[in-house]
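The primary structure of each chain is shown beneath.
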Amino acid sequence: MDTKNLGFNSKLIHAGDFHDEFGSAVTPIYQTSTFAFRNAQHGADLFAGKEKGFIYTRIGNPTIEALENKLAELENGCGGIALSSGMAAVTTVYMAFLGQGEHIVCTSAVYGPSRGVLESHFAKFGVQSTFVDSSNLKEIEDAIRPNTKLLYLETPANPTIALTDIKKASEIAHKHGIIVVVDNTFCSPYLQKPLDLGADVALHSLTKFINGHADIVGGALVAKDTAIYQKLRKTMVYMGGNMDPHQAYMVIRGVKTLSLRIDRAQENSMKVAEYLEKHPKVAWVKYPGLKSFQQYQLAKEQMKGPGAMISFELKGGYDAGVTLMNNVHLALLAVSLGGVESLIQHPASMTHAGLPKEARLQADITDGLIRYAVGIENVEDIIADLDHALAKI
Ligand SMILES: *Cc1c(COP(=O)(O)O)cnc(C)c1O
């Protein structure tokens, strides 16, 4: 079926999916590492690209390809690549577009390992990187050098929830012939379409909203044009960051309810954010759906909805954060986001506990900062859980 002209919800269900000779209702799992050729000529034609088909699962597999085609349609791209993890997607992008002596400009508040791998491994190979507050377009422009090849953005960034104007940032980069990649994990294509806004590649940790059930780790890249797509695919095939067929099957299953899940999680998030904003023990709340949000206008223009991640600061600092963690019962104390269950995290005592306090504060990880990934439970239960725990501070 041609799904190109269907609406987004219909694409979630039907795009990329295929039915086998038995009329399977869903895309089957092809749990095989390799594919037999019919004869010598068939093998030769497959390798020469004269005939379409499958050779070896690292290069391509029907179940994985179904997911890749679905994601490409959802992001309005020309091709998708599924990978073993979000970080495999990140490193594949860096590998594909950065060489020795070349330079990348990157959002400073990106997902920690996306920055860490540049500072450790890619620096070792002579790649230069500059980290900027990309919500300030002038910082992007000022950081560009003659050898800059990549602009890597994450919006909303985490945990600052700072937004970058994808359209304007892409215009600046393209003036200089620079490729623009946007980590779209926090929004998913339901809420934000980076390629429509001018970016060249949309990147995902499928682990989060797209799979949505906290039961697999996966990543994806979707490119707007064929040359970039082919370069990324070749890099993935060489580096070996491919997805597994079973993993692909799980994501195909999970993504079908993406808009339903996000609708509910957003509805809950708005109520939780409003509750927190009025709470006397809370200093501030950052959520793109609140009128008080510093980039409320940009959020409205660039995102279809405010998402389901809330950052807030407790007046009581570090100790208040620890008390809150030890008294919530519904929300799981866990990193990650985008699942059906609510997750809560206190960066100062958990994810960023290993950082010296000064470095932590420089990254806006304050002592009382809490990151809440709102799930799809009954919102009264989420708020009652927080209310009970906040009362213990
Ligand atoms: C989780 C995450 C990643 C990394 O994805 P994995 O699937 O854990 O490898 C990258 N970017 C963002 C924004 C994330 O939240």
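Attention in this report is confined to the structure presented alongside it. (Residues numbered from 1 in each chain as written. Predicted model: local features only at pLDDT ≥ 70, side-chain atom pairs only at ≥ 80, totals over all residues. Heavy atoms only, no water.)

1. Brief notes about the overall build of the protein
Of the regular secondary structure elements, the protein holds 15 helices and 12 strands. Its C-alpha atoms give the protein a radius of gyration of 22 Å, within 12% of the compact-globule value 21 Å for 393 residues. Across its three principal directions, the C-alpha atoms of the protein cover 75 × 55 × 35 Å. Looking at the protein as a whole, 55% of its 393 residues qualify as buried. Element-wise, carbon and sulfur atoms account for 53% of the exposed surface of the protein, whose accessible area totals about 17,000 Å². Here the protein contributes 37 positive and 41 negative side-chain charges, whose respective centroids are spaced 2 Å apart. (Helix = DSSP H or I, 4+ residues; strand = E, 2+ residues; numbered from the N terminus. Rg over C-alpha atoms; globule rule 2.2 N^0.38 Å. Buried < 20%, exposed > 50% of the residue type's maximum accessible area, 1.4 Å probe, protein only. Areas by Shrake-Rupley, 256 points an atom, 1.4 Å probe, with all protein chains shown as cover. Lys, Arg positive; Asp, Glu negative; His and termini not counted. Charge placed at Lys NZ, Arg CZ, Asp CG, Glu CD.)

2. Describing the site of the ligand
Not every one of the 14 residues close to the ligand is listed here, only the nearest: Met-87, Asp-183, Ser-205, Thr-207 and Lys-208. Between the ligand and the protein, one listed contact pairs an oxygen atom with a backbone N or O atom of Met-87 at 2.9 Å. One of the side-chain N or O atoms of Ser-205 is found 2.9 Å from an oxygen atom in the ligand. Here the ligand, which alone exposes 380 Å², has 92% of that area covered by the protein. Here the shell around the ligand is built from residues that sort into five nonpolar, six polar and three charged. (Near = heavy atom within 4 Å. Polar contact = N/O pair within 3.5 Å; in protein donor to acceptor, adjacent residues only side chain to side chain. Nonpolar A, V, L, I, M, F, W, Y, C, P; charged D, E, K, R; others polar.)

3. Topic: the pairing of strand β12 (residues 369-373)
Most of β12 sits out of view: five of its five residues are buried. Burial along β12 is two-sided: the face carrying Leu-369, Arg-371 and Ala-373 and the face carrying Ile-370 and Tyr-372 are both buried. Judged from the five bridges that link them, strand β9 (residues 309-314) and β12 form a sheet pairing that is antiparallel. Across the sheet, residue Ser-311 finds its bridge partner in β12, namely Arg-371. The pairing of strand β11 (residues 343-345) with β12 spans three bridges and is antiparallel. Along β12, the bridge assignment pairs Ile-344 with Tyr-372. (Pairing = 2+ DSSP bridges.)

4. Section: the packing of aromatic side chains
Under the counting rule described, the total for this entry stands at six aromatic pairs. With a centroid separation of 6.0 Å and 75° between ring planes, the pair formed by Phe-37 and Phe-47 is classed as edge-to-face. With a gap of 10 residues between them, Phe-37 in the loop between α1 (8-14) and α2 (40-48) and Phe-47 in helix α2 connect regions that are remote in the sequence. The exposure class assigned to Phe-37 is partly exposed, which follows from its relative accessible area of 34%. By way of ring pairs, the aromatic residues Tyr-94, Phe-122 and Tyr-152 are connected into one cluster. Here the basic side chain of Arg-115 rests over the ring of Phe-131, its NZ or CZ set 4.0 Å away from the ring centre. (Phe/Tyr/Trp six-rings, centres within 6.5 Å; stacked < 30°, edge-to-face > 60°. Lys NZ or Arg CZ within 6 Å of the ring centre and 35° of its normal.)

5. A few points about the sheet that holds strand β6 (residues 201-205)
Spatially, β1-β7-β6-β5-β4-β2-β3 is the arrangement adopted by the seven strands of the open sheet, whose pairing is mixed. Either end of the sheet is taken by a strand with one partner, and the two such strands are β1 (79-83) and β3 (128-132). Sheet twist, expressed as the average angle between the axes of neighbouring strands with direction ignored, equals 20°. Of the strand pairs in this sheet, strand β2 (residues 103-107) and β3 are connected by five bridges, and their pairing is parallel. (Axes fitted to C-alpha atoms, helices over the stretch in contact; angles between N-to-C directions.)

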